[in-house]
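So the chains spell out like this:
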Amino acid sequence: MPAIAFDNTYARELAGFHVPWKPAAVPAPRLLFLNRPLAEELGLDSAALSTPDSAALWAGNTLPEGAQPIAQAYAGHQFGGFSPQLGDGRALLLGEVIDRQGRRRDIAFKGSGRTPFSRGGDGKAAVGPMLREVLIGEAMHALGIPTTRALAVAATGERVVRERMLPGAVLTRVAASHLRVGTFQYFAARRETDRVRQLADYAIARHDPALRAIDSPPERTLTFFRAVARRQAALLAQWMNVGFIHGVMNTDNMTISGESIDFGPCAFMEAYHPEAVFSSIDHGGRYAYANQPHIARWNLARLAETLLPLIDDEPQRAVERATEVLDAFPGWFETALRRGQRAKLGLLGPGLPTAGTDADLQAEADDALAGDWLDLLHQQRVDFTQAWRFLADEAACGAPEAARTSRLRPLFAEPGALEPWLARWRERLALHDGQPPAAARPETAATMRQASPWIIPRNHRVEEALAAASDHGDLAPFERLLQALRRPFDEHPEDAAFAEPAPAEVTACYRTFCGT
Ligand code: AMP
Ligand code: MG
C-alpha cells in the first residue's frame, strides 16, 4: 500500500473530542473515481492509488499506514432545533497530511459504516450522493470558492436501503479541517468550558496561526471569532454570486475554516428567484437562496454563544463584544458581494479616479445597479448564470453591434425592459474606464467572463450523470460532466449541452433530498 505521510493532530491533541473507530468491511470494493489533481496537490502517488488493489483502501477494507481513524463529536442546530449529540454517524477522520503548499488537510471517509454517533442511521452512503459530492466540490473549486473536495469514491458492492435499494459507496473527502460550529456547540452544551477553550486554541493554531501572537486570551478569542465570521461572509458572497443554494445550512454543516461542506440537498439556481428552495424538507424556506446570509449570521451567533465565557468573565460584556462582530457581519457580506458583483459588471479594479464622487455613494449606486439587474432577471424569469455570462457579450462589442449579436437579449421575454438598464450600465462603465459608453470593451468582457462562469452544475445534468452511474454503472456521463465543470469559465463547444438551462418545467419540479 502506498505511503501517506499522516500527522494526526486532532487524534493526538484532542483526546475526549472523538472516538477511535474502524471502518466497516465491505464485500466488493471497486474504485469509481480518483481525483488525480487533488492527489497531486496532497503529494500522493496517484498512479499507485488508482490500481485495482487500492480500491480496498478507498472502501475502508485496508487502512493506509499511519491512519488513526476517529469519529468526531459534534452537535448542531438542525432547521433551528438543537441536537446536543450528532457527531460522525457515518464518517471517520483518517488523519491529516501536509500538502505541497504546506497546508494541513484532513482526509476523511464518509459512508464507512456505523459509529457510536450513528443513532438510528446505517452509517452507509450511496453511489449517487457520493458522486454528487465529487461534482459539486470540483465545480466549487474550479469556480474559486473555498470547498471541501472529494479525493476518491469507491463502490462497496453492498446495497444500501433508502427509498429504494441503492448501490453503496464510500467517499474520501479532503478538508482544511472538519471543525464545525457544531463542534464548539457539543462541548459548550455540556458546559465543558475548558474543552471549548482547548478547541478554540486548536482552531486558532490550525486556521488563524497569526492570532497566537495576541497575548490576551479574551482578545484572541474574539479576534478568532471575527476571523471565522469574515470567512463566512466572504464564502456566502461567493455562493450568492454563482446562485448556489446549500439547502441544509445547519450549524453542523458550517465550517470554521470557511470551506463549503456537505453537498446533500444543494442546488444551483436556474431562473433567478430570491426565494428559490429545492430541498424537499425545507418547507419554511429557512435555507432559501436569499436567506442564506441571514442564516450564516444566525449560525455565527450560535458559535458566539459557545465562546462567551472565553471572551469576557462578565457575561454582559462578553455578549456586547460578540454582538459587535455579529453586527459587522452584514457589512462584510455586502462588501464581499459588491466586490463580486462589480467584477461581474466589468467594474473590476480601481478604475479612474472619480474626483468628487464619494466612495459610499458609488457603492450605493452600484448596489442599486446590480439590484435592478437582478430585479429584471426575477421579473422575466431569466437564467441567472446565462444572464451574467452573456452580459459580457454586451461589453465585448460596441452598443450597436451588441444589440444585434449579443446572446443576452434573447433570454428576455421583453428585451425592451432591459434597454434602459443597459444604457445605465454603459454609463457606469464609462465612468470607470473613461471610454465612451457605447465603446467596445473586449478586455473588460474577458475579465467579466472570469467572474461569471459559462458552466455550473446544472441540476438536470447532475441528476442524469448520477442516475447513469447509480442505476446502470455507466460513469461516462459523470466523467464528461466533471470535465466540463473543471473548466467553467472557458467556452468549449463540446461542453455546450452542459451550459444549457433545464426546461422550466423540469426546474419547477426539481427537488433535492436529504436522505443521502
Ligand atoms: P448530514 O445531514 O449529512 O449533514 O448529517 C447530519 C447528521 O446525521 C450527522 O451527524 C451525520 O453523521 C448523521 N447521518 C447522516 N446520515 C447518516 C447515516 N446514513 N447513518 C448514520 N448517521 C448519519
Ligand atoms: Mg453534515
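See the structure shown above.
Residues numbered from 1 in each chain as written. Chains lettered and ligands numbered in written order. Predicted model: local features only at pLDDT ≥ 70, side-chain atom pairs only at ≥ 80, totals over all residues. Heavy atoms only, no water.

Remarks on the overall build of the chain
Line of reasoning, step 1. Helix and strand counts for the chain come out as 18 helices and twelve strands.
Line of reasoning, step 2. Relative to the 2.2 N^0.38 estimate, which gives 24 Å for 516 residues, the radius of gyration of the chain is 24 Å and therefore close to what a compact globule would have.
Line of reasoning, step 3. With the C-alpha coordinates of the chain rotated into their principal frame, the extents come out at 65 × 60 × 45 Å.
Line of reasoning, step 4. Restricting to contacts in the chain with at least 6 residues of sequence separation, those with at least 24 account for 73%. (Helix = DSSP H or I, 4+ residues; strand = E, 2+ residues; numbered from the N terminus. Rg over C-alpha atoms; globule rule 2.2 N^0.38 Å. Contact = heavy atoms within 4.5 Å.)

Some words on helix α4 (residues 127-142)
Line of reasoning, step 1. The terminal C-alpha atoms of α4 lie 23 Å apart, and with 16 residues this matches the ideal 22 Å at 1.5 Å per residue to within 8%.
Line of reasoning, step 2. Among the 16 residues that make up α4, 13 are buried, leaving the element largely enclosed by the rest of the structure.
Line of reasoning, step 3. G144 sits one or two positions beyond α4 and adopts a positive phi of about 80°. (Expected span 1.5 Å × (residues − 1). Buried < 20%, exposed > 50% of the residue type's maximum accessible area, 1.4 Å probe, protein only.)

Things to note about the site of ligand 1
Line of reasoning, step 1. Taken together, 17 residues form the shell around ligand 1, and within it G87, G89, D122, G123 and D262 come nearest.
Line of reasoning, step 2. Take G89: an N or O atom from its main chain is 2.7 Å from an oxygen atom of ligand 1.
Line of reasoning, step 3. About the coverage of ligand 1: the protein hides 82% of its 480 Å² of free accessible area.
Line of reasoning, step 4. The class makeup of the residues in the shell around ligand 1 is two nonpolar, seven polar and eight charged. (Near = heavy atom within 4 Å. Polar contact = N/O pair within 3.5 Å; in protein donor to acceptor, adjacent residues only side chain to side chain. Areas by Shrake-Rupley, 256 points an atom, 1.4 Å probe, with all protein chains shown as cover. Nonpolar A, V, L, I, M, F, W, Y, C, P; charged D, E, K, R; others polar.)

A look at the packing of aromatic side chains
Line of reasoning, step 1. Following the criterion strictly, the structure yields 17 aromatic pairs and no others.
Line of reasoning, step 2. Ring centres of F17 and F187 lie 4.4 Å apart, and the angle between their planes is 50°; on these two criteria the pair is classed as tilted. On the criterion of sequence distance, the pair formed by F17 in the loop between α1 (9-13) and β1 (18-20) and F187 in helix α5 (residues 181-189) is long-range, its members being 170 residues apart. Accessibility assignment for this pair places F17 and F187 in one class, buried.
Line of reasoning, step 3. Here the aromatic rings of W239 and F244 are separated by 5.1 Å at their centres, their planes lie at 70°, and the arrangement is edge-to-face. For the pair shown, W239 and F244 are each scored as buried.
Line of reasoning, step 4. Of the aromatic side chains, those joined through ring pairs into one cluster are Y272, Y289, W373, F384, W388, F412, W421 and W425.
Line of reasoning, step 5. If you follow R286 out to its NZ or CZ, it ends over the ring of W298, 4.6 Å from the centre. (Phe/Tyr/Trp six-rings, centres within 6.5 Å; stacked < 30°, edge-to-face > 60°. Lys NZ or Arg CZ within 6 Å of the ring centre and 35° of its normal.)

Section: empty space enclosed by the protein
Line of reasoning, step 1. Under the defined criterion, the tally for this structure stands at five cavities of 30 Å³ or more.
Line of reasoning, step 2. Taken as a whole, the largest cavity holds about 70 Å³ of empty space.
Line of reasoning, step 3. Forming the boundary of the largest cavity are 13 residues, of which Q232, W239, N253, M254 and T255 lie nearest the centre.
Line of reasoning, step 4. Per-element tally for the lining of the largest cavity: the top contributor is helix α7 (residues 217-242), with three residues.
Line of reasoning, step 5. The residue inventory of the lining of the largest cavity, partitioned by class, reads five nonpolar, seven polar and one charged. (1 Å grid on protein atoms, 1.4 Å probe; cavity = no way out; pocket = protein on both sides within 12 Å on 5 of 7 lines; lining within 4 Å. Points joined across faces, edges and corners; volume = space filled by probe spheres on them.)

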